[in-house]
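Next come the chains, spelled out residue by residue.
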Amino acid sequence: MAVAEVAKIGLIGLKGEQDKVVEALYDFSQVQIDNIAEGEINNEDLSKLEYQLAQLKFTLDFIIRHETPEKLSLRQKLANLGNQGLSVSNDDVARTIADFDFTEITKQAEETEAGLNLKQSQITNLKSEIDELEPWQDLSFNYQKTGSENINTKLGSIELAKLDKLILDINTKKLPVEVVKIAKDGREAKIVFVYLVSATSKVQELINEIELKEITLPLLDGTPKNTISNKRKEIEQNEKEIHELEKKANGLSQHKINLQIAFDYTTWQRDKKETLSKTKSQIRTFYLTGFVAKQRLKELENRLKEITENVSLTEIEIEPDEDIPVILTNNNAISPFESVTNIYGAPKSIELDPTPYLAPFFILFFGLCLSDAGYGILLAGLSFLAIKVMKIPRAKQGFYRLLIYAGISTIIIGALFGGWFGLNLDDMSQNVIAKALLSVKIIDPVSNPLTLLVFSLILGGVQVIVGIVINLYYQLKRNDKGKAFDSGVWLFFILGIVAWLVAGQVLKNEGLQMIAQYWLYAAVAAMVLTQGRRQKNVIMKI
């Protein structure tokens, strides 16, 4: 129940057998090839594979975005919940790669994507033009075609407070100008100026004086109202074409599985190429290094001998500062909790695996948080049923087994707290079943929250102490006496608090409490004097 011991391997073989040896290493699980050597990379081959991967990724992303969500049964949803990927045989992969031309699917996806983007862009532009034209839809003529050698038109908006003055000035000065008011809102009016070219300078002075905001509309097809109608028809047509393109995009989802196989296969080929390019090569031999779980070293050696006798596998010394891969090894009861450990990050190869230590606390705290036996029965029962009905292999049962443990914890704690689907059993005390369930109940967290609070604090304190003890053990194992001493002082301090509380609040013995108090003084003094020893500044030390 710890981090597996990792061995570093050195492998030398014949140059002509390099491809099949590297392929065997990739097929063997729990081997990490360490590409430390600098070799010549065939840029052309790698670039081709990278380009193919980019095409496949684009196509898969496109299909996922546009595929119609499949309606799944509860059984299928449960199966997908624990699914860790697509399982296919080597024969299926070989057949797919031989028969499936993904480039044609990629081409269709690219054309469909371009068509969708174009249509969406056109719709956006049309809507923007409609927004510009809508305030002018009461204009009964196409002003863009009314101009001549003698007549000009201008469109603009003006503050309502200035509109009456504008008309009065035009009439007073007897200017050859006609003002057509189109629309108005609370503050501004939309107007059209129609005037003689000969009066352009005077009209411009007037426009500047009233601060007219000149407006230029999109190209009109008849009146603004007719133009808006035509543009809305264009939008409808574009939406129909988008619908057809989306149907075509959705149709490509039938190739999703083959594309996934091709993507994984191409990734594998790319990784092999990179590894091959970075092996130390001589004229007739090649050399590479890597890491493997120590207990599987002999198995790997036997596997390689099945392929060729012309290969030598040796264990080599690991450098102190070398980055070593981490492999967790726990028994079947603890392994489901590795997913919880990995949330916070796997331990380093030289560190303890916290999984077996966090497992009981995780399960206990989960039960305390949910604390309803009814929900615990559902959680554990459905998870167990999922494993049996869907015949989930042992290697993929981790998540479901974690839920079963959590459900059992919830059942026990929920029963002790009297929680059954949120029902108030006290109101059903005449019922035989309710009486039986109430007989198990030892605490009511609603009417007696203080007891639960004290229990939670004690449990939290136990968890902290366990954590410090584990850290103390780890530092002693590493022979790091300084850090071990720090952990010991903290343990001494926390146990002092516990002793003081027990002596005063539980035993109510003043003599023992005084001893515990001096214990605490000594612990605080030890912390102040030692915990800051790495600080150079005197104030920081304190």
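Treat the numbers as computed from the prediction; the structure is a model and nothing was measured. (Residues numbered from 1 in each chain as written. Predicted model: local features only at pLDDT ≥ 70, side-chain atom pairs only at ≥ 80, totals over all residues. Heavy atoms only, no water.)

Q: How should the overall build of the chain be read in this particular structure?
A: Each helix and strand in the chain was counted, giving 19 helices and 11 strands. Relative to its full complement of 542 residues, the chain shows a buried share of 35%. Restricting the contact set of the chain to residue pairs at least 6 apart, pairs at least 24 apart contribute 78%. Carbon and sulfur atoms provide 56% of the accessible area of the chain, an area that totals close to 33200 Å². (Helix = DSSP H or I, 4+ residues; strand = E, 2+ residues; numbered from the N terminus. Buried < 20%, exposed > 50% of the residue type's maximum accessible area, 1.4 Å probe, protein only. Contact = heavy atoms within 4.5 Å. Areas by Shrake-Rupley, 256 points an atom, 1.4 Å probe, with all protein chains shown as cover.)

Q: Can you help me understand the packing of aromatic side chains in this one?
A: To describe a pair of aromatic rings, you give the distance between the ring centres and the angle between the ring planes. All chains considered together, the criterion is met by 10 aromatic pairs. Centre to centre, the rings of F492 and W519 are 5.6 Å apart; their planes meet at 35°, and the pair counts as tilted. Placement of F492 in helix 17 (residues 481–506) and of W519 in helix 18 (residues 510–530) is noted, with a sequence separation of 27 residues between them. Of the residues examined, F492 reaches a relative accessible area of 36% and is grouped as partly exposed. With 5.9 Å between their ring centres and 80° between their planes, Y518 and Y521 make a pair best called edge-to-face. A residue pair is termed a helical-turn pair when its members lie 3 or 4 positions apart in one helix, as Y518 and Y521 do in helix 18 at three residues. You can call Y518 exposed: its relative accessible area is 51%. Take Y521: its relative accessible area is 48%, and that puts it in the partly exposed class. What links up through ring pairs into an aromatic cluster is the set F337, F362, F366 and Y405. (Phe/Tyr/Trp six-rings, centres within 6.5 Å; stacked < 30°, edge-to-face > 60°.)

Q: Explanation requested: the pairing of strand 9 (residues 285–293) in the structure shown.
A: Each regular strand carries side chains that alternate between the two faces of the sheet. Taking burial as the measure, the nine residues of strand 9 include seven buried ones, the bulk of the element. Alignment of strand 2 (residues 6–14) against strand 9, held across nine bridges, turns out to be antiparallel. Pairing of G13 across the sheet is with F286, part of strand 9. (Pairing = 2+ DSSP bridges.)

Q: Please explain the side chain of D353 as it appears in this structure.
A: Tracing the backbone shows D353 in the loop between helix 11 (338–344) and helix 12 (355–370). Within the structure, the side chain of D353 is placed 2.7 Å from the side chain of T355, a separation counted as a polar contact. (Polar contact = N/O pair within 3.5 Å; in protein donor to acceptor, adjacent residues only side chain to side chain.)

Q: What's the story with the pairing of strand 4 (residues 151–159) in this structure? I'm lost.
A: Across nine bridges, the pairing between strand 4 and strand 6 (residues 188–196) is antiparallel. The residue bridging I151 from the neighbouring strand is L196, located in strand 6.

Q: Would you mind showing me how to read unusual backbone geometry here?
A: Positive phi, normally seen in glycine, also occurs at S371, with a value near 45°. Mapped onto the elements, S371 comes out in the loop between helix 12 and helix 13 (373–389). For S371, a relative accessible area of 22% gives the class partly exposed. A positive phi angle, close to 50°, is found at K508, a residue other than glycine. Structurally, the position occupied by K508 is in the loop between helix 17 and helix 18.

Q: Is there a simple way to think about the environment of T341 in this case?
A: Note that T341 resides in helix 11. On a C-alpha basis, the gap between T341 and P354 in space is 7.1 Å, while along the polypeptide they are 13 residues apart.

Q: Please clarify how the pattern of salt bridges should be interpreted in this entry.
A: Close approach of charged atoms allows side chains of opposite charge to pair. Under the criterion given, the structure shown has 11 salt bridges. A salt bridge links E50 to R270; the shortest N-O distance between them is 3.1 Å. Highlighted residues: E50 in helix 2 (residues 43–66) and R270 in helix 9 (residues 256–277), separated in sequence by 220 residues. Classification of E50 as partly exposed rests on a relative accessible area of 34%. Accessibility expressed as a relative area gives 16% for R270, which makes it buried. Notably, a salt bridge pairs K119 with E241, separated by 2.6 Å at the nearest N-O pair. Of this pair, K119 sits in helix 5 (residues 102–133) while E241 sits in helix 8 (residues 224–251), and the two are 122 residues apart along the sequence. (Salt bridge = Lys/Arg side-chain N within 4 Å of Asp/Glu carboxyl O.)

Q: I tried to follow helix 10 (residues 297–307) on my own but got confused; where do I start?
A: Turn by turn, an α-helix covers 3.6 residues, leaving residues three or four places apart pointing in a common direction. The complete set of buried residues in helix 10 reads L297, L300 and L304. Buried residues in helix 10, looked at end-on, bunch into an arc of 60°, giving them a common side. Facing away from the buried side of helix 10 by over 90 degrees, the exposed positions are K298 and E306. (Arc of directions from axis to C-beta.)

Q: Help me understand a nonpolar patch on the surface, please; the structure alone is not making it clear to me.
A: Side chains of L370, Y375, L378, L382, L385, V389, F421, L423 and M428 sit close together on the surface and give an oily, nonpolar patch of about 790 Å² of accessible area. With five residues, the single largest contributor to the nonpolar patch is helix 13. Summarising the element assignment, Y375 is placed in helix 13. (Patch = residues over 30% accessible without salt bridge, like charges linked within 9 Å, V, L, I, M, F, W, Y side chains within 5 Å.)

Q: Mind showing me how you'd approach the sheet that holds strand 6 here?
A: Pairing is antiparallel in the open sheet, where four strands are placed in the order 5-6-4-7. Because the sheet does not close on itself, it has two edges, and the strands there are strand 5 (177–184) and strand 7 (213–215). The average angle at which neighbouring strand axes cross in this sheet is 30°, direction not considered. Packing against the sheet, helix 6 (residues 160–173) makes contact with strand 4, strand 5 and strand 6, and its axis sits at approximately 145° to strand 4. (Axes fitted to C-alpha atoms, helices over the stretch in contact; angles between N-to-C directions.)

Q: What am I meant to see in the side chain of T308 here?
A: Examined against the element boundaries, T308 turns out to sit in the loop between helix 10 and strand 10 (311–316). Given the relative accessible area of 6%, T308 is considered buried. A polar contact of 2.9 Å, which involves the side chain of T308, links it to the backbone nitrogen of N310. Ignoring any residue separated from it by four or fewer positions in sequence, one finds T308 in contact with E17, K20 and V21.

Q: I would appreciate a short explanation of helix 8 in the present structure.
A: Taking 1.5 Å of rise per residue, 28 residues should cover 40 Å, and helix 8 covers 40 Å from first to last C-alpha, within 8% of that figure. The set of residues buried in helix 8 consists of P224, T227, I228, K231, I235, N238, I242, L245 and A249. (Expected span 1.5 Å × (residues − 1).)

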